[in-house]
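Overview (structure and organization)
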Amino acid sequence: IAHRAEHFRKEVLNDSLKIFPQTPSPSLTALEMPKDIESQKVQKILQDQYKIIVMAGQDAYKNRLIRVGHMGAMSLDDLSKTAKALHQAMEQARV
């Protein structure tokens, strides 16, 4: 699981995305969205257009975080595709 988390984080992190919290669990990556992007819009785009299931944040973080799990039957290629789709969904949600 830790290897998958490390792989996903290397693929997805850039100047606009930050890991939340600073010391994340190996089973999940929570990403803080830029201020001009609502995480619930990104979640819906990923689900509807890419058939990728992620979760938005909860409570005060409802529209600020995207949570991506690393447990279960998934390959490194699956996680790379998720990272790429996430960036594309963010661009669509920004419009």
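See the structure above.
Residues numbered from 1 in each chain as written. Predicted model: local features only at pLDDT ≥ 70, side-chain atom pairs only at ≥ 80, totals over all residues. Heavy atoms only, no water.

1. Structural notes on the overall build of the protein chain
Filter applied, for reference: A run of H or I in DSSP becomes a helix once it reaches four residues, and a run of E becomes a strand once it reaches two; helices and strands are each numbered from the N terminus. In this treatment the radius of gyration is a C-alpha quantity, and the globule benchmark scales as 2.2 Å times the residue count to the 0.38 power. Working definition: with a 1.4 Å probe on protein chains only, accessible area under 20% of the residue-type maximum means buried, over 50% means exposed, and in between means partly exposed. By the convention used here, residues are in contact when the closest approach between their heavy atoms is within 4.5 Å. Accessibility throughout is a Shrake-Rupley quantity obtained with a 1.4 Å probe, and a residue counts as covered only by protein chains that appear here. Residues counted as positive are Lys and Arg, residues counted as negative are Asp and Glu, and His and the chain ends are not counted. A charged residue contributes its charge at one atom only: NZ of Lys, CZ of Arg, CG of Asp or CD of Glu.
Along its length, the protein chain carries 3 helices and 4 strands. In sequence order, the secondary structure elements of the protein chain are arranged as α-β-β-α-β-β-α. In summary, the protein chain has a C-alpha radius of gyration of 12 Å against a globular reference of 12 Å for 95 residues, a match within 12%. Going through the 95 residues of the protein chain one by one, you find that 36% of them count as buried. For the protein chain, the proportion of contacts with a sequence separation of at least 24, taken over those separated by at least 6, is 61%. Carbon and sulfur atoms make up 53% of the accessible area of the protein chain, which amounts to about 5,800 Å² in all. Taken as two groups, the 14 positive and 11 negative side-chain charges of the protein chain have centres that lie 3 Å from each other.

2. Points about the side chain of Arg9
Our working rule: Counted as salt bridges are all cases of a side-chain nitrogen of Lys or Arg within 4 Å of a carboxyl oxygen of Asp or Glu.
With respect to the element layout, Arg9 can be found in helix α1 (residues 2–12). No salt bridge forms around the buried Arg9; measuring N to O, its nearest opposite-charge neighbour Glu6 is 7.8 Å away. Not counting chain neighbours up to four residues away, the residues in contact with Arg9 comprise Ile19, Pro24, Ser25, Pro26, Leu28, Thr29 and His70.

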